[in-house]
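Residues per chain, in single letters:
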Amino acid sequence: MFSYDIQALARRVVEAGAARGLTVACAESCTGGLVAAAITAVPGSSAVLDRGFVTYSNAAKTGMLGVSPEVIESRGAVSEAVARAMAEGVLRNSGADVSVAVTGVAGPGGGSEEKPVGLVHFAAAGPLGVVHVEHRFGDIGREAVRLESVRTALGLLLDRIGA
């Protein structure tokens, strides 16, 4: 289902999380659950993955994760502030030690000059703190943007796990 490199990253997340006794959770918008799906494709992932939130709508971001409607209104759903709030909301609303959040414009439509197709904001939170990463993948196609986002999110989980 996933390419070899995504499978390898997911396997590393599971192995590193298990070795350190840490659990992870995801908040996904434009990836629609693909990060959690990549992790659960790994045998033994139940020891590491606590849960995943698919928060595609603004109402879901607010209702499930506690992202402030004012932040969404002022910064937009695709922003550093919302990605950080999503990552922090995952930790508040789960039993996980480490979280990752993804929000972006996968395309083909929905982009603007300020927030073009391919813009994705990521945040990860855990014992090592919170980090934010912004990628502008470009208009490379919806599937490609989503898969590149999965790669980035898994890498951020590894970073926050300390692997």
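Right above here is the structure, for reference.
The residue numbers shown here count from 1 along each chain, following its written sequence. Local features in this predicted model are restricted to residues of pLDDT 70 or higher, and side-chain atom pairs are both shown and tallied only at a pLDDT of 80 or more, whereas totals for entire chains, interfaces and linings draw on every residue. Based on all heavy atoms of the structure, the side-chain values leave hydrogens and waters out of the count.

(A) A look at the pairing of strand S5 (residues 129-136). For two strands to be treated as a pair, DSSP must find at least two bridges joining them. The way it works is that DSSP assigns letters per residue, a run of H or I at least four long becomes a helix, a run of E at least two long becomes a strand, and they are numbered from the N terminus. Relative to S5, strand S4 (residues 119-126) runs antiparallel, the two being bridged by eight bridges. Of the residues in S5, the one forming a bridge with Gly-126 is Gly-129. In this antiparallel pair of consecutive strands, S4 and S5, the connection spans two residues.

(B) Main features of the nonpolar core. In this text, buried Ala, Val, Leu, Ile, Met, Phe, Trp, Tyr and Cys residues form a nonpolar core when linked through side-chain atoms within 4.5 Å. The rule is simple: take the accessible area with a 1.4 Å probe, protein chains only, and divide by the maximum for that residue type; under 20% is buried, over 50% is exposed, in between is partly exposed. Among the nonpolar cores identified, the biggest contains 35 residues, and Val-24, Val-35, Ile-39, Val-100, Leu-154 and Leu-157 are the most heavily contacted of them. Of all the secondary structure elements, the ones that give two or more residues to this core are helix H1 (4-20), strand S1 (24-28), helix H2 (34-40), strand S3 (98-104), S4 and helix H6 (142-161). A total of eight residues in this core trace back to one element, the largest contributor, which is H6. In this structure Val-35 touches Cys-26, Glu-28, Val-100, Val-150, Ala-153 and Leu-154, once residues within four positions along its chain are discounted. Residue contacts are defined here by distance: any two heavy atoms, one from each residue, within 4.5 Å place the two residues in contact.

(C) How the structure looks around the sheet that holds S4. Strand order in this open sheet of five strands is S2-S1-S3-S4-S5, and the pairing throughout is mixed. If you trace the sheet from one side to the other, it starts and ends with strand S2 (49-54) and S5, each paired once. Going across the sheet, the axis of each strand differs from the next one's by a mean of 10°, ignoring polarity. Summarising the sheet, S1 and S2 pair through five bridges and their orientation is parallel. Its bridge partner lying in S2, Ala-27 is registered against Phe-53. With axes taken as lines fitted to C-alpha atoms, and helix axes fitted only over the stretch in contact, angles between N-to-C directions fall between 0 and 180 degrees. Against the sheet, helix H3 (residues 58-65) engages S1, S2 and S3, with an angle of about 145° to S2.

(D) Here's a closer look at the environment of Ala-81. You can see Ala-81 is positioned in helix H5 (residues 80-92). Sequence-distant contacts of Ala-81, that is, excluding residues within four places in its chain, are made with Val-71 and Arg-75.

(E) The environment of Arg-151, seen in detail. By the secondary structure assignment, Arg-151 is in helix H6. Note: C-alpha distance between Arg-151 and Gly-95 (56 residues apart in sequence) is 24 Å. In contact with Arg-151, other than residues within four places in its own chain, are Ser-3, Asp-5, Ile-6 and Leu-9.

(F) Fine view of the packing of H1 against H6. The interhelical angle for the contact between H1 and H6, taken along N-to-C directions, is 20°, at an axis separation of 9 Å. As judged from the angle between their axes, H1 and H6 are roughly parallel. H6 is crossed by H1, and the crossing has left-handed handedness. Residues Asp-5, Ile-6, Leu-9, Ala-10, Arg-12, Val-13, Ala-16, Gly-17 and Arg-20 of H1 lie in contact with H6, whose contacting residues are Leu-147, Val-150, Arg-151, Leu-154, Leu-157, Leu-158 and Ile-161. Polarity classes work like this: nonpolar for Ala, Val, Leu, Ile, Met, Phe, Trp, Tyr, Cys and Pro, charged for Asp, Glu, Lys and Arg, and polar for all others, with Gly in that last group. Split into classes, the residues belonging to the contact of H1 with H6 amount to 11 nonpolar, one polar and four charged. Angle categories are assigned with fixed cut-offs, so that under 35 degrees is roughly parallel, over 145 is roughly antiparallel, 65 to 115 is roughly perpendicular, and the rest are oblique. In a left-handed crossing the near helix is turned counterclockwise from the far helix by less than a right angle, and in a right-handed crossing that turn is clockwise.

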